[in-house]
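Observations on chain architecture
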Amino acid sequence: MARVKYLEKSDVNEELRWIYDKYEGYGRFMNQVRVFSHRPVLLKHLMGMLLEMAEEPIVDKRHTEIALVAVSKLNECRYCVAHHVPRLLDTGLEPETASRILDEDCPGLTELDRLVRDYAVQVTLDSKKVSEDLFAKLQSFYTEAQIVDLTCRITMCGFFNRFNEALRIDMEDGVIEELMSKGGDLSELPRSLD
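The structure contained in this document is the topic of the report that follows. (Residues numbered from 1 in each chain as written. Predicted model: local features only at pLDDT ≥ 70, side-chain atom pairs only at ≥ 80, totals over all residues. Heavy atoms only, no water.)

1. Comments concerning the overall build of the protein chain
Here is the rule we go by: Secondary structure elements follow DSSP: runs of H or I of four or more residues count as helices, runs of E of two or more count as strands, with numbering from the N terminus. Radius of gyration here uses only the C-alpha atoms, and the compact-globule reference equals 2.2 Å multiplied by the residue count raised to the power 0.38. Relative accessibility decides the category of a residue: with a 1.4 Å probe and only protein chains considered, values under 20% of the type maximum give buried, values over 50% give exposed, and everything between is partly exposed. For this analysis, residues touch if any pair of their heavy atoms sits within 4.5 Å. Only the protein chains shown count as cover for residues, and the accessible areas themselves come from Shrake-Rupley with a 1.4 Å probe. The charge count includes Lys and Arg as positive and Asp and Glu as negative, but it does not include His or the ends of the chains. Each charge is placed at NZ for Lys, CZ for Arg, CG for Asp and CD for Glu.
The secondary structure content of the protein chain amounts to 10 helices and zero strands. Moving toward the C terminus, one meets the helices and strands of the protein chain in the order α-α-α-α-α-α-α-α-α-α. Its C-alpha radius of gyration of 17 Å places the protein chain within 12% of the 16 Å reference for a compact globule of 194 residues. Along the longest, intermediate and shortest principal axes, the C-alpha atoms of the protein chain span 50 × 35 × 30 Å. The buried share of the protein chain, taken over its 194 residues, is 46%. When contacts within the protein chain are restricted to residue pairs at least 6 apart in sequence, those whose partners lie at least 24 apart make up 71%. For the protein chain, the exposed surface amounts to about 10,100 Å²; the carbon and sulfur share of it is 50%. Each charge class in the protein chain can be summarised by its mean position, and for the 25 positive and 35 negative side chains these summaries are 4 Å apart.

Here's what the structure looks like:
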């Protein structure tokens, strides 16, 4: 059970209700939206920003999801792992790849997939130690705008992981079922605190 009340669409200012409408089509993240609604500025800018970034992506969805799953597994965020593994599988990767995404010899990853995963891991574990070599490799694949976008998504994922776990945001109905229907494995989810 979440540590704060979930606010409904009718509880927020009219000018922010569009965020609820958009998230209903974006995916099963409504409990997170309902918690951010306690602070309208966060609902408007954080959740609104994610929606806008999704509408105008500049980094391939596969690479964004590789990064988000890797970060969420490192931070042991049950909510984000369960939500993002199905999205990663939708990009064509196999369940074994998602399950072993942090393994050095993870199967099914291209050179760029591994680079994105390694960058996400290094930024999450110790951002000060991102090597010049790793960054130069990123620059050989991505524009500066894409690197900024990817780095933002990686670091924000760490924020969301901590936010979700601290406030114990519940999984929405259907999230686990979607994970299982796409070949995901419950054993890959971090242990629940409950």
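2. What to know about the packing of aromatic side chains
Heads up, the condition is: Only centres within 6.5 Å qualify two rings of Phe, Tyr or Trp (six-membered ring in Trp) as a pair; their planes then separate them into stacked at under 30 degrees, edge-to-face at over 60, and tilted for everything else.
Per the counting criterion, the structure on display carries six aromatic pairs. On the basis of an interplanar angle of 35 degrees and a centroid distance of 5.8 Å, the ring pair of phenylalanine 159 and phenylalanine 163 is categorised as tilted. Taken together, the residues phenylalanine 159 and phenylalanine 163, both in helix H9 (residues 144-167) and four residues apart, mark about one turn of the helix. When its relative accessible area of 34% is taken as the criterion, phenylalanine 159 is described as partly exposed.

3. Description of the pattern of salt bridges
For clarity, the cut-off: The salt bridge criterion pairs a side-chain nitrogen of Lys or Arg with a carboxyl oxygen of Asp or Glu, the two atoms within 4 Å.
This structure, assessed with the given rule, holds 13 salt bridges. A salt bridge links arginine 62 to aspartate 113; the shortest N-O distance between them is 2.5 Å. Of this pair, arginine 62 sits in helix H4 (residues 61-74) while aspartate 113 sits in helix H7 (residues 111-126), and the two are 51 residues apart along the sequence. When sorted by exposure, arginine 62 lands in the same class as aspartate 113, which is buried. Its salt-bridge partner being glutamate 96, residue arginine 100 comes within 3.0 Å of it at the nearest N-O pair. Three or more residues joined by partner-sharing salt bridges are found here, namely Arg28, Asp90, Glu178 and Lys182.

4. Observations regarding unusual backbone geometry
Phi is positive for glutamate 76, which is not a glycine, with a value near 55 degrees. Inspection of the secondary structure assignment puts glutamate 76 in the loop between H4 and helix H5 (78-89). According to the relative accessible area criterion, glutamate 76 is exposed, its value standing at 53%. Although it is not a glycine, arginine 168 adopts a positive phi angle of roughly 50 degrees. Mapped onto the elements of the fold, arginine 168 is located in the loop between H9 and helix H10 (175-181). A relative accessible area of 30% places arginine 168 in the partly exposed class.

5. Digging into helix H3 (residues 40-55)
Here is the rule we go by: Helix span is expected to be 1.5 Å times the residue number reduced by one. In this analysis the local bend is the angle between axes fitted, respectively, to the seven residues ending at and the seven residues starting at the residue.
Compared with the 22 Å implied by 1.5 Å per residue over 16 residues, the 21 Å span of H3 between its first and last C-alpha is a close match. The principal kink in H3, of about 25 degrees, is found at glycine 48. Of the residues making up H3, those classed as buried are Leu43, Leu46, Met47, Gly48, Leu50, Leu51 and Met53. Where the residues of H3 are buried, they touch helix H1 (17-26), helix H2 (30-36) and H9.

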